[in-house]
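Below are the chains, spelled out letter by letter.
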Amino acid sequence: MSGGHKACIDSAPRCGKIILHTNRTVQINMNPTLTTPWQNLSALAVETGSTHMRQLFEVDAQRAERYRTKACGILLDYSKNRINDNVMTQLLALADACQLGARRDAMFVGEHFNNTEDRAVLHTALRYQGKEVIRVDGHDVLPEVRAVRERCYAFAQRVRSGEWKGFDGQSICDVVNIGIGGSDLGPLMVCEALKSLASGPRVHFVSNVDSAHIVATLKHLNPATTLFVIASKTFTTIETLTNARTARQWLLDAVGGDESTVAKHFVAVSTNREKVTAFGIDANNMFGFWDWVGGRYSLWSAIGLPIMLAVGPENFDALLGGAYEMDEHFRTAPLAGNLPVLLAMLGIWYVNFLGARSHVIAPYNQTLHRLPAFLQQLDMESNGKGVRRNGERVAYATGPVIWGEPGINGQHAYFQLLHQGTSLIPVDFILALRQTGTLPNHQRTLAASCFAQSAALMRGKDADEVRAELTARGMPEQDIPLAIPHRVFSGNRPSNTLLLDELTPRSLGSLIALYEHKVFVQGVVWDVNSFDQWGVELGKQLASGIEAVLGGATNAGAYDASTQALIACVRELLR
Ligand code: F6P
């Protein structure tokens, strides 16, 4: 990795045009549908559409072996996909034709890859462990990254050791992270995943502005032993600021309004020093980060403070280490053995060539129960875009709906639709075999259930098999024809299985980075800017106007009739 701010384009594109608008912003104008691999894949989709995966396994004893790869402690079995060698060759050729290598390198060296906000995209710098310099606009960012991390670690240690005292001299027992979106989901997901390693204060998360969330959280807490982390990249997010004000008042009520106590119980994580101090939090109690860290990519920054508080700096270091290992794998492994590239291109196959519109994340470990929600923001806020980087409307599908719940619970809920519903919905099965404190007999049942589901989705059960089963069970012959259609499984339903030897901070770091890069690769192929989120702005603008109206400030004339009627209902109820 090298510094500098010139775009690092290492090969000429085979299609489209490289445009360096400025020496800081890389723009590769690339319509994927005009590439040869895209055309080839369209033809292959028709050809392979009639081949059942069950047949593919029957005729190819090596299939499981061939479509499997392992890196960073994560085994990816992608053999239960509707693919053959031709499909894989063309998918990888598509990635190549879309200049994946050049765009990846541009991101890693600090180009302004986020072109609509003219910003670098450098969450990878937060976990970088090599010896090179990483520059943004000529400025070496690593010394600052390390300095903030050291401050966070020192602070976390003071709280964890009991040295940091609250207003009456007691140590901190509970930490409440107040944030939303990327300032909540990442740290929350990781804290849950690593719960078995928790050794510091109890960590709670408040995100919803519905007062039920903060009220229920504070109900059992003692102001004297509670520390609030106000996490907001912009420090303008209404939900977070409203909850932060309520928390502040809760503290002040307990100390008879003594403002000097705030410094002992409030810290902020933000890029916006001015707003933090305006809120009343001392700049000394603020941990910063940078505009080149996207909210949904920020858990590696000071936004990870709740993780450091819960499991300690050493485990946070291991999390960063695992992510760095995946970064290096993504940067250097050939496309055919590159985990993020494989996951991304398989997703593209289903979305753009086989008509899938959603994708399930099914972690089997309970501790990964917030992973689907985290990945939902990561993926949908990144690739839920309808225009290309150059502003042209896309003429193809982009980011699918990402959804899911822990798989074992899902089996008793949404899996029915995956097996027999009318939509094609690829699934990522994620299973870590061990974790601190696991009970082997439980894990056997867990693993068996996970593998059974992917096998069932792939092979299905045909009418002959159902008939034989019903006959063996003694069902009267005349009842069998009616029973068969309900019990037939078409199968041929794709899935990936991601197997982790153990869920550790390190393997979790690798897993998260794997999905970050998967999202990146898909954004490259779709030629969208995966790093802005303009789509959330309109709702925010309207909400602030409606809130003013609800408070009686202006009239509701500017809104549509439906919204005006709803406003009237609320005014009536809250009168
Ligand atoms: O509204 C979406 C969003 O901007 C996310 O991208 C972000 O993670 C979240 O809100 C929270 O933003 P902030 O950290 O600035 O409060």
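Everything numeric in this text was worked out from a predicted model, so none of it was measured. Residue positions are given per chain, counted from 1 along the sequence in the order it is written. Where totals are concerned, whole chains, interfaces and linings use all residues; where local detail is concerned, this predicted model gives features only for residues with pLDDT of at least 70, and gives and counts side-chain atom pairs only at 80 or more. Remark: hydrogens and water are excluded; side-chain values derive from all non-hydrogen atoms of the structure.

Undergrad: Please set out the pattern of salt bridges residue by residue, giving values where relevant.
TA: Basic side-chain nitrogens of Lys or Arg form a salt bridge, by our definition, when they fall within 4 Å of a carboxyl oxygen of Asp or Glu. Summed over the entire model, instances satisfying the criterion amount to 27 salt bridges. Among the ionic pairs, Asp-527 bridges to Arg-103, the shortest N-O distance being 3.1 Å. Here Asp-527, found in the loop between helix H21 (505–526) and helix H22 (537–550), pairs with Arg-103, found in helix H5 (residues 100–108); they are 424 residues apart in sequence, far enough to count as distant. For every residue, the accessible area obtained with a 1.4 Å probe (protein chains only) is divided by the maximum for its type, and the residue is called buried under 20%, exposed over 50%, and partly exposed between those limits. A relative accessible area of 1% places Arg-103 in the buried class. Per the convention used, a helix needs a DSSP run of H or I reaching at least four residues, while a strand needs a run of E reaching at least two, with both numbered from the N terminus.

Undergrad: Could you give me a rundown of the sheet that holds strand S3 (residues 68–71), with the residues and numbers involved?
TA: The six strands lie next to each other as S3-S4-S15-S14-S12-S13, forming an open sheet whose pairing is mixed. Two strands lie at the open edges of the sheet, namely S3 and strand S13 (401–403), each paired on one side alone. The sheet shows a mean angle of 15° between the axes of neighbouring strands, taken without regard to direction. Here S3 pairs with strand S4 (residues 74–77) via four bridges, running antiparallel. For two strands to be treated as a pair, DSSP must find no fewer than two bridges joining them. Fitted lines through C-alpha atoms give the axes, limited to the stretch in contact for helices. The angle between two N-to-C directions lies from 0 to 180 degrees.

Undergrad: An account of the environment of Asp-118 is needed here, citing residue identities and associated values.
TA: Mapped onto the secondary structure, Asp-118 falls in the loop between H5 and strand S5 (135–136). Note on Asp-118: relative accessible area 33%, which makes it partly exposed. Distance from Asp-118 to Ala-61, taken between C-alpha atoms, is 50 Å for residues 57 residues apart in sequence. Within the structure, the side chain of Asp-118 is placed 2.8 Å from the side chain of His-112, a separation counted as a polar contact. Nitrogen and oxygen atoms within 3.5 Å of one another constitute a polar contact, given that in protein one can donate a hydrogen and the other can accept it, and given that sequence-neighbouring residues count only through two side-chain atoms.

Undergrad: Before we move on, could you go through the pairing of S3 and cite the residues and values that matter?
TA: Of the two faces of S3, only the one carrying Thr-69 and Ala-71 is buried; Arg-68 and Lys-70 on the other face are not. In textbook terms, the turn of a hairpin is the stretch between consecutive antiparallel strands, and for S3 and S4 this stretch comprises two residues, one of which, Cys-72, has a positive phi near 50°.

Undergrad: Could you give me a rundown of helix H14 (residues 339–353), with the residues and numbers involved?
TA: For a helix, the expected span equals 1.5 Å multiplied by the residue count minus one. Taking 1.5 Å of rise per residue, 15 residues should cover 21 Å, and H14 covers 21 Å from first to last C-alpha, within 8% of that figure. Positioned one or two residues after H14, Gly-355 has a phi angle of 80°, which is positive.

Undergrad: Lay out the site of the ligand with the relevant residues and their values.
TA: Think of it this way: one heavy atom of a residue within 4 Å of a molecule or strand is enough to make that residue near it. The local shell around the ligand holds 14 residues, among which Gly-182, Ser-183, Ser-232, Thr-234 and Thr-237 are the closest. Within the side chain of Ser-232, an N or O atom sits 2.6 Å from an oxygen atom of the ligand. Within the side chain of Lys-540, one N or O atom sits 3.2 Å away from an oxygen atom of the ligand. Its residues placed into classes, the shell around the ligand shows two nonpolar, nine polar and three charged. Note on residue categories: nonpolar means Ala, Val, Leu, Ile, Met, Phe, Trp, Tyr, Cys or Pro, charged means Asp, Glu, Lys or Arg, and polar means any other residue, Gly included.

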